[in-house]
Amino acid sequence: MQCIAHAVQNLAREDCVVLSDEVYKYIVHAPPKDEMEREESMQFEKKQQQDRDISQDSAAWEYHPAMCQGHVHFASLPGMWERTITISSAGKTFSATGWQVGWAIGPESLIQPMHQLLPYVQFCASTVIQEALARALPRADLPYEGYDNYYEYLKAMYTRKRDLLGSALISAGFGIPNYDETPGGGFFIFARIGKEVANAIPKERLMAYNAAAPGKVARQDWALCQWLAEEKGILCIPASPFFSEDCVKGDDGQPLSDQFVRIAFCKTNDTIQAAASVLMKILDESEEQVTIPKEDVTKAPTVGKQ
């Protein structure tokens, strides 16, 4: 983000405005920045104490820097407040996507024109839903379900759901990010399709016609998603629409985007567990494919499930 802020401040025109969509602010599966700062401060104090205590072995202390800084408002970066409109909503934070109500924060010079435009875009916003959101926001700061506030509960809940689905994906032959070292946020897992999973996709589905796919051809990510939806009852999102047409190619010459799918875990635990059971059977079923008998290789049967 610092690179974008630097470009806006030094290279963009004066009338360039940043629209920062931060609907996932509270769904960050990593310690928030202030928690990381407290942890590092405690480590620093420990080091100072050991430096004062000459009887302590200084080699026993090891500094562990924070690898993920949690959520950072783009508008908080140097020079960005006056050029940023921060947008958020109740949809993700309160699991109320159908409400279509939220807020925008920024300097008066940017917010005032929005007030003028809004009546021509959404003339009749729901007063009841706006009132509900206004009441929910202060209550969310209060203790909730054993946590200091609703936001802490939300983060813990989605972290558990992420780990539940993530474990199933790994067992099923997918690759997922290492959340101990990389930031995690939102309620999607961007999973890499493993070789065994790719081999399990029925060959007739690969490169088949699909009017919705880029170029109307079902490459690997589309073929997998369509197969899982139609045959396994699991809905995933192909990754290629999230990439530009000139994205990096793999060793096979195909776009790297074809190697990924996006899977949501904003579901009930029962739904995630049911999906996990299906996912973990994919490789087992692929191993049950009919093999060609050594004594009769000229009359190969059609490959399929037993």
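Structure: see above.
### Section: the nonpolar core
Logical step 1: Ranked by internal contacts, the top residues of the largest apolar core, which has 43 residues, are Leu165, Leu169, Phe174, Leu224, Val261 and Leu279.
Logical step 2: Elements represented by at least two residues in this core include exactly helix 6 (150-171), strand 5 (188-193), helix 7 (195-200), helix 8 (220-232), strand 9 (260-264), helix 9 (269-279) and helix 10 (282-286).
Logical step 3: The dominant element in this core, judged by the number of residues it contributes, is helix 6, at eight residues.
Logical step 4: Excluding its chain neighbours within four sequence positions, the residues that come into contact with Leu224 are Phe174, Ile193, Val197, Ile201 and Val261.

### Comments concerning the sheet that holds strand 5
Logical step 1: Overall, antiparallel pairing links the four strands, which are arranged 4-5-9-8 in an open sheet. Strand pairing shows two members of the sheet lacking a second neighbour, strand 4 (174-175) and strand 8 (237-238), which therefore form its edges.
Logical step 2: Sheet topology places strand 5 next to strand 9; five bridges connect them, and they run antiparallel. Residue pairing across strands places Ala191 opposite Val261, the latter belonging to strand 9.
Logical step 3: Contacts between helix 6 and the sheet are confined to strand 4, strand 5 and strand 9, with strand 5 contributing the most and set at about 10° to the helix.

### Here we look at the environment of Phe174
Logical step 1: The topology assignment puts Phe174 in strand 4.
Logical step 2: Sequence separation between Phe174 and Gly194 is 20 residues; the distance between their C-alpha atoms is 4.9 Å.
Logical step 3: Sequence-distant contacts of Phe174, defined by excluding residues within four places in its chain, comprise Leu169, Ala191, Arg192, Ile193, Gly194, Val197, Leu224, Val261 and Leu279.

About the cut-offs
- Numbers given to residues run from 1 along each chain, matching the order in which its sequence is written.
- Confidence filtering applies because this is a predicted model: local features only for residues at pLDDT of at least 70, side-chain atom pairs given and counted only at 80 or more, and all residues used for totals across whole chains, interfaces and linings.
- Hydrogen atoms and water are omitted, and side-chain values are computed over all heavy atoms in the structure.
- Buried Ala, Val, Leu, Ile, Met, Phe, Trp, Tyr and Cys residues form a nonpolar core when they are joined through side-chain atoms within 4.5 Å.
- Remark: exposure states derive from per-residue accessible area (1.4 Å probe, protein chains only) relative to the maximum for the residue type, with buried under 20%, exposed over 50%, and partly exposed in between.
- Each helix corresponds to a stretch of at least 4 residues labelled H or I by DSSP, and each strand to a stretch of at least 2 residues labelled E; elements are numbered beginning at the N terminus.
- Every residue pair with non-hydrogen atoms within 4.5 Å of one another is taken to be in contact.
- Two strands pair if DSSP finds at least two bridges between them.
- Lines fitted to the C-alpha atoms define the axes, with helices restricted to the stretch that makes contact. Angles between their N-to-C directions range from 0 to 180 degrees.

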